[in-house]
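Given next are the chains, with one letter for each unit.
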Amino acid sequence: TVVDNSTMNNSFCPPVSFSFSGKFLPPVYILVFFIGLAANGWGLRSLLKNWKKLGNISIFVLNLGISDVLYLLTVPFLVVYYLMRSRWIFGQTFCKITRFCFNLNLYGSIGFLTCISVYRYLAIVHPMRAMGRITFTHSVIISVTTWLLVGIQCLPDMFYTKTSKRNTEKCFDTTDDEYVESYLKYSLGWTFMGFCIPLLITLGCYGHVLVVLCRKNTTDKVLRQRCMKLLFLLVLLFSVCYIPYHILKNLSLWSRLLFIWKVCQKWSNGVYIARQLSRGLVCLNSALNPLVYLRGDENILAPLRKCLQPTKLDTLTWRQNTEELHHSCSF
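Calculation notes
Residues numbered from 1 in each chain as written. Predicted model: local features only at pLDDT ≥ 70, side-chain atom pairs only at ≥ 80, totals over all residues. Heavy atoms only, no water. UniProt positions renumbered as here; feature names shortened; annotations may be inferred. Phe/Tyr/Trp six-rings, centres within 6.5 Å; stacked < 30°, edge-to-face > 60°. Helix = DSSP H or I, 4+ residues; strand = E, 2+ residues; numbered from the N terminus. Buried < 20%, exposed > 50% of the residue type's maximum accessible area, 1.4 Å probe, protein only. Expected span 1.5 Å × (residues − 1). Bend = angle between axes of the 7 residues up to and from the residue. Contact = heavy atoms within 4.5 Å. Disulfide = S-S within 2.5 Å.

In the nomenclature of an unreviewed UniProt entry, the protein chain corresponds to Si:dkey-78k11.9 from the organism Takifugu rubripes. The record in UniProt for the protein chain states the following under Subcellular location (unreviewed entry): "Membrane".

Written as structure tokens, this is what we have:
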């Protein structure tokens, strides 16, 4: 007898280990909370100390820190939620606010990391063209625009129910099964606009920087090593924190949709567990951001800015030496 999977009853599907999230996520969230607060506290202190040395990029780093702290403040409530076996006691309005803060941090971080990447690309590859053209006001306007775009992307998530009809004490990070099909479409578009495009821009900027570093024989070897190390850390950060999260989020939604359609898959439980692992990993971005980017800016952009700083040469002499400065400083 041939069994049609499309008509298979859900009771024949392999069980999903929903208890895994309650065992795995609380210790991860607690670890991220304390490490994240310490790292961002150090980062903000270092930022204020080196505000002038970092230049206009300090605005983006400050906003990056704000997005991280905003999320970390909601982590204790999530710890309580999962310790109580996925029972939310803080009200549905605050549930949506908590999930919104997570999304705002995640895509805000990606957005400001993209801004930092573009700024660093211009400072290293086109220093003479960018010098003096990107002002403090421009950085503020770009930051406000980034927050608005991220907020617009995250806002539709607030209109999806975060509870289940069977259990109103739930606080889903996505939505109830009734709206999974619609949410999957929204999630795919969100992933493309909020993650894929910034990822391509970021990798493109750093990829070009790496090509320039390899071609320039006059580039300082120490500075070249620092840039390559930062590029490696960037790829590692995206590979560990962001890429698995987005792939497994959409795959998990697809798995849930198949289950609703009574199409059973043997990999459903594996996808669920991997999805919870990716949720723990993506939270690490709040702790890793200040370590990777602020320290990288102090090591790389400070010498660069010192090299690009105008001297007491008059305007005519400065213009005559522009080409020489370009070759010596465009890392």
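Text resumes after the structure shown.
(A) Structural context of the packing of aromatic side chains. Inspection of the entire model under this criterion finds 22 aromatic pairs. Each ring, one from Tyr107 and one from Trp190, has its centre 4.9 Å from the other, and the planes form 25°; the classification is stacked. Note that Tyr107 is positioned in helix α5 (residues 92-125) and Trp190 in helix α8 (residues 180-215), a separation of 83 residues in sequence. For the pair Tyr107 and Trp190, a shared accessibility class is recorded, and that class is buried.

(B) Representation of helix α7 (residues 136-158) in the model. With 23 residues, α7 should reach 33 Å at 1.5 Å per residue; the first-to-last C-alpha distance of 33 Å fits that figure. Approximately 30° is the largest bend angle found in α7, and it occurs at Ile152, with the proline Pro156 only one to four residues beyond. What α7 keeps buried is the set Ser139, Ser143, Thr146, Val150, Gly151, Cys154 and Asp157. Where the residues of α7 are buried, they touch α3 (57-72), α5 and α8.

(C) Representation of the state of the cysteines within the structure. By the definition in use, this model includes one disulfide. Two residues, Cys95 and Cys171, share a disulfide whose sulfurs are 2.0 Å apart. Linking Cys95 and Cys171, the disulfide has an S-S dihedral of approximately 100° and is accordingly described as right-handed. Of the two residues, Cys95 is situated in helix α5 and Cys171 in the loop between α7 and α8; the sequence distance between them amounts to 76 residues.

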